[in-house]
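# Understanding the architecture of this molecule
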Amino acid sequence: MATTYKLVQRRNMHKDAPTGSKLFYAQAKSMGTSGMERLCSMISERSTVSSADVKAVLDSLIYVMKLELSDAKIVQLGEFGNFRVTFGSAGTETEKDFTASKIRRPKYTFTPGKALRDQAKVLTFEKVVPEKPKETEEDDHPVIE
């Protein structure tokens, strides 16, 4: 199956673009969500462990990842990729003026491993047809004058 996208019109970001000019850009469009139960079931079908065992391992993975990331470590998961903590901060004129309160809310950044990067190279794309708004009853019956 192809990766889906829709077109959105946005401000032209080119350096010398006229003021107010717009262009159409592709935006990824998801086709639903694959939840934990489904993922565990799919993984268990490819192995000798039950769906419950897979869920237990994934729950434990989340637990130890939280511990390691809180300890300022990068969590490497082989071909899957790695997770690390990233954040920004407000600037100060001098190093002395800087305090930890200037740090903005941290985020977790995922960097895909080789297997996922290679998969991204072979993705195909398919445009999603936008949904039309439902017609009202008034639209169904033409007005005769």
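Structural notes, computed from the coordinates. Because the structure is predicted, anything quoted here is derived from the model rather than measured.

What characterises a pair of aromatic rings is the spacing of the ring centres plus the angle enclosed by the ring planes. Taken as a whole, this structure holds three aromatic pairs when the rule is applied. Plain terms: the ring middles of Phe-80 and Phe-83 are 6.3 Å apart, the flat faces sit at 35° to each other, and that makes the pair tilted. Its relative accessible area of 18% is what places Phe-83 among the buried residues. Consider the rings of Phe-80 and Phe-110, whose centres lie 5.1 Å apart with planes at 45°: the pair is tilted. With Phe-80 in the loop between β3 (75–76) and β4 (81–86) and Phe-110 in strand β5 (residues 107–112), this residue pair connects regions lying 30 residues apart in the sequence.

Before going further, it helps to spend a moment on unusual backbone geometry. For Ala-72, which is not glycine, the phi torsion reads 65° and is therefore positive. Within the secondary structure, Ala-72 sits in the loop between α2 (51–70) and β3. Overall, Ala-72 belongs to the exposed group, its relative accessible area being 72%.

Another point: the pairing of strand β1 (residues 3–11). When a strand is regular, its side chains alternate between the sheet's two faces. In this structure, β1 lies alongside strand β6 (residues 125–127), joined through three bridges in parallel fashion. By the bridge assignment for β6, Thr-4 is matched with Glu-126. Here seven bridges tie β1 to strand β2 (residues 22–28), and the two strands are oriented antiparallel to one another. If you follow Gln-9 over to β2, its bridge partner there is Phe-24.

Relative to the assigned elements, Asn-12 resides in the loop between β1 and β2. What makes Asn-12 buried here is its relative accessible area of 14%. With residues near it in sequence (within four places) discarded, Asn-12 still touches Ala-17, Ser-21, Lys-22, Leu-23 and Tyr-25.

This brings us to the pattern of salt bridges. By the definition in use, this model includes five salt bridges. Across the pair Asp-59 and Lys-55 runs a salt bridge whose closest N-O atoms are separated by 2.9 Å. A residue pair is termed a helical-turn pair when its members lie 3 or 4 positions apart in one helix, as Asp-59 and Lys-55 do in helix α2 at four residues. For Lys-55, a relative accessible area of 36% gives the class partly exposed. A network of salt bridges, in which partner residues are shared, links Glu-68, Asp-71 and Lys-73.

Sheet architecture is open: three strands sit in the order β2-β1-β6, paired in mixed fashion. Of all strands in the sheet, those bounded by a partner on one side alone are β2 and β6. The average undirected angle you get between the axes of adjacent strands in this sheet is 45°.

So, about the packing of helix α1 (residues 36–45) against α2. The contact between α1 and α2 brings their axes to 8 Å, and the two run at 120°. The handedness of the crossing between α1 and α2 comes out as right-handed. Of α2, the residues touching α1 (which contributes Met-36, Glu-37, Cys-40, Ser-41, Ile-43 and Ser-44) are Ser-51, Val-54, Lys-55, Leu-58 and Asp-59. Residues that form the contact of α1 with α2 fall into these classes: five nonpolar, three polar and three charged.

Definitions and limits used
Residues numbered from 1 in each chain as written. Predicted model: local features only at pLDDT ≥ 70, side-chain atom pairs only at ≥ 80, totals over all residues. Heavy atoms only, no water. Phe/Tyr/Trp six-rings, centres within 6.5 Å; stacked < 30°, edge-to-face > 60°. Buried < 20%, exposed > 50% of the residue type's maximum accessible area, 1.4 Å probe, protein only. Helix = DSSP H or I, 4+ residues; strand = E, 2+ residues; numbered from the N terminus. Pairing = 2+ DSSP bridges. Contact = heavy atoms within 4.5 Å. Salt bridge = Lys/Arg side-chain N within 4 Å of Asp/Glu carboxyl O. Axes fitted to C-alpha atoms, helices over the stretch in contact; angles between N-to-C directions. Left-handed = near helix turned anticlockwise from the far one by under 90°. Nonpolar A, V, L, I, M, F, W, Y, C, P; charged D, E, K, R; others polar.

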